[in-house]
Structure formats: C-alpha cells, structure tokens
Amino acid sequence: MKVTELVAEFARPIVETHGCSLWDVEFVREGSERFLRLYIEKESGVDISDCEAISRAVDPILDEKDPIQESYHFEVCSAGLERKLTRPADFQRFMGSPILVKLYRPHNGLKEIPGVLAGYEDGKVTVEAGKETLTFQKSEVAMVRLRVEF
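Per-chain numbering applies: the sequence of each chain, read as written, is numbered from 1 onward. Local features are withheld for residues below a pLDDT of 70 in this predicted model, meaning they are given only at 70 or higher, and side-chain atom pairs are given and counted only at 80 or more; totals for whole chains, interfaces and linings count all residues. The side-chain figures draw on all heavy atoms in the structure; neither hydrogens nor water molecules are used.

(A) Structural detail: the environment of V125. Mapped onto the elements, V125 comes out in strand β6 (residues 124-129). When accessible area is computed with a 1.4 Å probe and restricted to protein chains, residues below 20% of their type maximum are described as buried, those above 50% as exposed, and intermediate ones as partly exposed. Residue V125 is classed as buried on the basis of its relative accessible area of 1%. For V125 and T135, which are ten residues apart along the polypeptide, the C-alpha to C-alpha distance reads 5.5 Å. The contact rule is simple, with two residues in contact once any of their heavy atoms fall within 4.5 Å. If near-sequence neighbours (up to four positions away) are discounted, V125 is found in contact with F91, I99, V101, L117, G119, Y120, L134, T135, F136 and V144. In this text, helices come from DSSP runs of H or I with a minimum length of four residues, and strands from runs of E with a minimum of two, each type numbered from the N-terminal end.

Here it is in structure tokens:
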C-alpha cells in the first residue's frame, strides 16, 4: 500500500470528526525537502482553525504509525477553489463546472485550454471550449483543475 493511501486510511476518520472531508493526500519532493500534505474541504469553507485542529489530531498518529522513514514536513491545507481533479469521482462531481486543461503539447497553439467539463471516461477529458467540444486522451493531459470565473 502506498504511503498516501495508508495515511488517507487513518486520517479520513479524524478529518471527518472535525466536520471536514479529506480531498487528497500527497507526498512530494520540493527541492531537497519532502512534504506530506492533507487536503481537506468543508461545505462552508476551510479556515486556518480547521487545518490547525486536524494537524494537531493527525500528527501524533503519524508519529505512532511512522509510515514514512525519511524526514518530511507535515501540512494540512484547504483543497482550494482551483483544486486539481484526479479521480473519476472528482470529474463526476464537478461535471459542468469551469475547468482548465493543461496539456503536455500545444493544441492549436495552446497548452492551456479553459472551458467547461463536459465528459470524462477512461481518462479521456471532454471540455466545451467556446464553440468547440474537445476530447483529450489521458496521455495528452498534464493536469485538470477547477477554474474560478470572476
């Protein structure tokens, strides 16, 4: 089992007892440092006190279970308004929402395609971009995230 899955398994109930839900867990290297991040969400919006309370509740369990042998920084963050969509359930939940599709290679000269999420199937993302409906294969897509319109 991956570190992120293991951490999600024991962190989820703690996050939920604090009135939030667990959006994602990531374990990444940034420069010479490693970071374990829990991304949380709440219908009324996440604030710093939510992050602090969950961090204080999960931290001792991380020490006890010790799922990561190397040193790392632990953070609890809001998933944010412009969160990444990664799982099929994310795409289903936000169907019809404004998104930004970032591509590995340009399509018609653009590597970033803003539009509305119109479909998701087997990793293929369909976006309504202006008057066009475009479908991108999983191998073409670097990232999809929600897009806030003002």
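(B) Quick peek at the pattern of salt bridges. A side-chain nitrogen of Lys or Arg and a carboxyl oxygen of Asp or Glu constitute a salt bridge if their distance falls within 4 Å. All chains considered together, the criterion is met by 13 salt bridges. E30 is the partner of R37 in a salt bridge, and the nearest nitrogen-oxygen pair spans 2.8 Å. On the accessibility criterion, R37 (8% relative accessible area) is buried. Taking the relative accessible area as the measure of exposure, E30 reaches 39% and is therefore partly exposed. Taking the shortest distance from any N to any O, the salt bridge between E70 and R34 comes out at 3.6 Å. One end of the pair, E70, is in the loop between α2 (48-65) and β3 (73-78); the other, R34, is in strand β2 (residues 33-41), with 36 residues separating them in the sequence. What emerges from the salt-bridge pattern is a single network uniting E26, E30, R37 and E75.

(C) Representation of the side chain of R83 in the model. By the secondary structure assignment, R83 is in the loop between β3 and α3 (88-93). Under this definition, polar contacts are N or O atom pairs within 3.5 Å; protein pairs additionally need one hydrogen-donor-capable and one acceptor-capable atom, and for neighbouring residues in sequence, both atoms have to be side-chain atoms. Of note is the side chain of R83, whose polar atom sits 2.3 Å from the side chain of E41. Of note is the side chain of R83, whose polar atom sits 2.9 Å from the backbone oxygen of G80. R83 has contacts with W23, E41, R93, F94, V144, R145 and L146, leaving out every residue within four places of it along the chain.

(D) Here's a closer look at the pairing of strand β4 (residues 98-107). Pairing between strands is defined by DSSP: at least two bridges between the two strands are required. Sheet analysis places β4 next to strand β5 (residues 110-121), joined by six bridges and oriented antiparallel. If you follow I99 over to β5, its bridge partner there is G115. Linking β4 back to β5 in an antiparallel pair, the connection comprises two residues, with N108 at a positive phi of about 50°. Judged from the five bridges that link them, β4 and strand β8 (residues 141-146) form a sheet pairing that is antiparallel. Bridge pairing in β8 links K102 to M143.

(E) Spatial organisation of the packing of helix α1 (residues 3-17) against α2. Taken N-terminus to C-terminus, the directions of α1 and α2 make an angle of 150°; their axes are 10 Å apart at the nearest point. You can see that α1 and α2 cross each other, and the crossing is right-handed. For the pair α1 and α2, contact is made by V7, F10, A11, I14 and V15 and by I54, A57, V58, I61, L62 and K65, respectively. Amino acids are sorted into nonpolar (Ala, Val, Leu, Ile, Met, Phe, Trp, Tyr, Cys and Pro), charged (Asp, Glu, Lys and Arg) and polar (every other residue, Gly among them). Considered class by class, the residues forming the contact of α1 with α2 number ten nonpolar, no polar and one charged. Note on geometry: axes are C-alpha line fits, over the in-contact stretch for helices, and angles between N-to-C directions span 0 to 180 degrees. Here a crossing is taken to be left-handed if its near helix is turned anticlockwise relative to the far helix by less than a right angle, and right-handed if that turn runs clockwise.

(F) Examining the nonpolar core more closely. As used in this record, nonpolar core signifies buried Ala, Val, Leu, Ile, Met, Phe, Trp, Tyr and Cys residues forming a set joined through side-chain atoms within 4.5 Å. If you look at the biggest cluster of nonpolar residues, it comprises 21 residues, and the most contacted ones within it are L85, I99, V101, I113, V125, F136 and V144. Of all the secondary-structure elements, those providing two or more residues to this core are β4, β5, β6, β7 (132-136) and β8. Contact partners of V144, with chain neighbours within four places excluded, come to R83, K84, L85, F91, I99, L100, V101 and V125. Of all hydrophobic cores here, the second largest spans 20 residues; its members include I14, L22, C51 and I54.

Functional significance is not addressed by these values, which are geometric in nature.
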